[in-house]
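Structural overview for review
As a plain string of letters, each chain reads:
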Amino acid sequence: MRNTQEYRYCSIPVVNAVISEKNKEAEKYGIRLVTKIDIPDSCGITQHHLCSAFANMIDNAIRAERGFTEKDSDRKIINVNAVSDSVSVYITVRNYVSGVEISREDDSSLHGYGQQILGDIAQIYSGRFEKSEKDGEYICMLILGKKAYSEEKPCARPPPAGWQTAGCRGSAYPQCA
């Protein structure tokens, strides 16, 4: 059995375990994982769905950055941010895109299911899953309403101030300088 040293990223132990494992995987490829996770364990999202969200989003980012060489080390960084307010949980992963297609090591028939799973999770929580690419940076955003199947559609409103502010890379998200 592999020895897993867990780092405390947030108050949810199972999320800490998932992110610790993904951080070890990223380090294997010389990729730096920068995290700012501020979600309470009482956020109303199941631990299973939180783990699926973080695992899929970070896996996709690692695969996108594996194509960079050592001379591109300044671009081998993944920012993982999660915050919540009284209505929603906001998870975003930002990474650069190398443009080099990296095949799946496990099973290529599974390609594309991660984003489908993220969309399904968003739907369960009356939320949104969005992805965009601009100037070589890929942004994956998942917004989950704290009350599943809520009548009020909590995620129809815009994210909190500073959510998508330009120049957030490496800053103390979401308080962008």
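Residues numbered from 1 in each chain as written. Predicted model: local features only at pLDDT ≥ 70, side-chain atom pairs only at ≥ 80, totals over all residues. Heavy atoms only, no water.

Points about the packing of helix H2 (residues 47-65) against helix H3 (residues 113-124)
- Interhelical geometry of H2 versus H3 gives an angle of 145° and a closest axis separation of 10 Å. Pair H2 / H3 crosses with left-handed handedness. Counting all contacts with H2, which are made through His49, Ser52, Ala53, Asn56, Met57 and Asn60, the residues of H3 involved are Gly114, Gln115, Ile117, Leu118, Ile121 and Ile124.
- A breakdown of the residues in the contact of H2 with H3 according to their chemical character gives six nonpolar, six polar and no charged. (Axes fitted to C-alpha atoms, helices over the stretch in contact; angles between N-to-C directions. Helix = DSSP H or I, 4+ residues; strand = E, 2+ residues; numbered from the N terminus. Left-handed = near helix turned anticlockwise from the far one by under 90°. Contact = heavy atoms within 4.5 Å. Nonpolar A, V, L, I, M, F, W, Y, C, P; charged D, E, K, R; others polar.)

Brief notes about the nonpolar core
- Membership of the largest hydrophobic core comes to 37 residues, with the highest contact counts inside it found for Ile37, Leu50, Phe54, Ile91 and Leu142.
- Of all the secondary structure elements, the ones that give two or more residues to this core are helix H1 (13-28), strand S1 (32-38), H2, strand S2 (77-84), strand S3 (88-96), H3 and strand S5 (137-145).
- Looking at this core, the element that brings in the most residues is H2, giving nine residues.
- Here isoleucine 37 is in contact with Tyr9, Cys10, Ile19, Phe54, Val80 and Ala82, once residues within four sequence places are set aside. (Core = buried A, V, L, I, M, F, W, Y, C linked by side-chain atoms within 4.5 Å. Buried < 20%, exposed > 50% of the residue type's maximum accessible area, 1.4 Å probe, protein only.)

Some remarks on the confidence of the model for the protein
- In this model, the protein carries a mean pLDDT of 79, and residues with pLDDT of at least 70 account for 72%.
- Model confidence for the protein, summarised as mean pLDDT per element, is weakest for H3 at 91 and strongest for S3 at 96.
- This stretch, residues 149-157, has a pLDDT under 50; its non-local contacts, to residues over four places away or in other chains, come to 19 contacts.
- Segment residues 163-177: pLDDT under 50, and 31 contacts once partners within four positions in sequence are set aside and those in other chains are kept. (pLDDT = per-residue confidence, 0-100.)

Structural notes on the sheet that holds S5
- Taken together, the five strands give an open sheet; going across it, the order is S1-S2-S3-S5-S4, and neighbouring strands pair in mixed fashion. Each of the sheet's edge strands pairs with one partner strand only, and the pair in question is S1 and strand S4 (128-134). Neighbour-to-neighbour, the strand axes of the sheet open up by a mean angle of 10°, direction not taken into account.
- By the bridge criterion, nine bridges tie S3 to S5 in an arrangement that is antiparallel. Considered in S5, the bridge of tyrosine 96 is made with glutamate 137. (Pairing = 2+ DSSP bridges.)

Looking at H3
- The terminal C-alpha atoms of H3, which comprises 12 residues, lie 16 Å apart, in line with the 16 Å expected from a rise of 1.5 Å per residue.
- Within H3 the residues assigned to the buried category are Gly114, Leu118, Ile121 and Ala122. With its buried residues spanning 100° around the axis, H3 presents them on a single face.
- Buried-residue contacts for H3 involve H2, S4 and S5.
- Two residues or fewer past H3, serine 126 is found with a positive phi of approximately 50°. (Expected span 1.5 Å × (residues − 1). Arc of directions from axis to C-beta.)

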